[in-house]
Amino acid sequence: MANLSTLSPIDFILTRRSVVAANITEPGPTPKELDIIIDAGLRVPDHSRCGPGRIQIIGKKGQFELGKLYAELFAAENEGAKEEMIEYWRDRPSSAPCLLAISCYPNQEKMEKVPLIEQQMSVGALCQNLLNGAHALGYVAQWLTEWPSYRDEVKRRLGHDPSVDLLGFIFIGTALEQPKERKRVGAEEIVSYWDG
């Protein structure tokens, strides 16, 4: 992999790649580095300074507690589930050294000027910038929703009302091996031209 410090900004963006959470290991970012990643995350379009994004840093004890909840929910909802699958979900939150939960708290006072979709997109941009910030410091990351993001029990356990949108979890750490490039949707598939 190229030395990130020698890449042009555009090449830096073109080399960012998600790494499967199961392939992320120690070391994770230090507290100071995580502060930098979060500061980078906050550099997003935010019409009228709504500030709808919320970031929770989930420590090791929190990852363990969240994993217990995942395992309980999975076992209860999947009768006859194999123990290995229950364990998979018990271990899921601690797949990587660093785990962030990202939620959206729309600014209701500014909703008429800044509709919900704009505020949600701003939080999506926050997630992307967190991935870029991790990449800039030489770490890898993956942004996942998966079923726990949509469960009221998970939202409550994290201190949110079930009406809150949990936009997913971001796993950050070091790649076990460098990721391979994958097939992506190409510009030829999504770009069109309109000239009146």
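Residues numbered from 1 in each chain as written. Predicted model: local features only at pLDDT ≥ 70, side-chain atom pairs only at ≥ 80, totals over all residues. Heavy atoms only, no water.

## Description of the pairing of strand β3 (residues 98-104)
Okay, step 1: With 7 of its 7 residues buried, β3 lies for the most part within the structure.
Okay, step 2: Of the two faces of β3, the one holding Cys98, Leu100, Ile102 and Cys104 and the one holding Leu99, Ala101 and Ser103 are both buried throughout.
Okay, step 3: Where strand β2 (residues 53-58) meets β3, 6 bridges bridge the pair, whose relative direction is antiparallel. From the neighbouring strand, Gln56 faces β3, where its bridge partner is Ala101.
Okay, step 4: Bridge analysis of β3 against strand β5 (residues 165-175) gives 7 bridges, and the strand direction is antiparallel. Directly across from Ile102, in β5, lies its bridge partner Gly168. (Buried < 20%, exposed > 50% of the residue type's maximum accessible area, 1.4 Å probe, protein only. Helix = DSSP H or I, 4+ residues; strand = E, 2+ residues; numbered from the N terminus. Pairing = 2+ DSSP bridges.)

## Section: the pairing of strand β4 (residues 140-144)
Okay, step 1: Most of β4 is tucked away: 4 of the 5 residues are buried.
Okay, step 2: In this structure, β4 lies alongside β5, joined through 5 bridges in antiparallel fashion. Each bridged residue has a counterpart across the sheet, and for Val140 the counterpart in β5 is Gly173.

## With respect to helix α2 (residues 31-41)
Okay, step 1: Taken as a whole, α2 has its buried residues at Leu34, Ile37, Ile38 and Gly41. Down the axis of α2, the buried side of the element spans an arc of 95°, and every buried residue falls inside it.
Okay, step 2: Where α2 is buried, its residues meet β2, β3, α5 (116-136) and β5. (Arc of directions from axis to C-beta. Contact = heavy atoms within 4.5 Å.)

## A few points about the nonpolar core
Okay, step 1: Judged by nonpolar contacts, the single largest core of 24 residues is most densely connected at Ile58, Leu66, Tyr70, Val154, Leu158, Phe169 and Phe171.
Okay, step 2: Top element by residues in this core is helix α3 (residues 60-77). It accounts for 6 residues. (Core = buried A, V, L, I, M, F, W, Y, C linked by side-chain atoms within 4.5 Å.)

## A word on the environment of Leu100
Okay, step 1: Residue position: Leu100 is located in strand β3.
Okay, step 2: Given the relative accessible area of 0%, Leu100 is considered buried.
Okay, step 3: With 41 residues separating them along the chain, Leu100 and Gly59 place their C-alpha atoms 8.9 Å apart.
Okay, step 4: Beyond its immediate sequence surroundings of up to four residues, Leu100 is in contact with Leu34, Ile55, Gln56, Ile57, Leu130, Gly168, Phe169, Ile170 and Ile172.

## So, the side chain of Asn107
Okay, step 1: One can find Asn107 in the loop between β3 and α5.
Okay, step 2: Residue class for Asn107 comes out buried when judged on its relative accessible area of 18%.
Okay, step 3: One polar contact links the side chain of Asn107 to the main-chain carbonyl oxygen of Cys50, over a distance of 3.4 Å.
Okay, step 4: If sequence neighbours within four positions are ignored, Asn107 has contacts with Cys50 and Gln119. (Polar contact = N/O pair within 3.5 Å; in protein donor to acceptor, adjacent residues only side chain to side chain.)

## What to know about unusual backbone geometry
Okay, step 1: With omega at 0°, the peptide bond leading from Glu26 into Pro27 counts as cis.
Okay, step 2: Its location among the elements puts Pro27 in the loop between β1 (24-25) and α2.
Okay, step 3: In this structure, Glu146 is a non-glycine residue whose phi angle is positive, near 60°.
Okay, step 4: Following the sequence through the fold, Glu146 ends up in the loop between β4 and α6 (152-157).
Okay, step 5: The class of Glu146 is partly exposed, set by a relative accessible area of 23%.

Shape descriptors only; they carry no functional weight alone.
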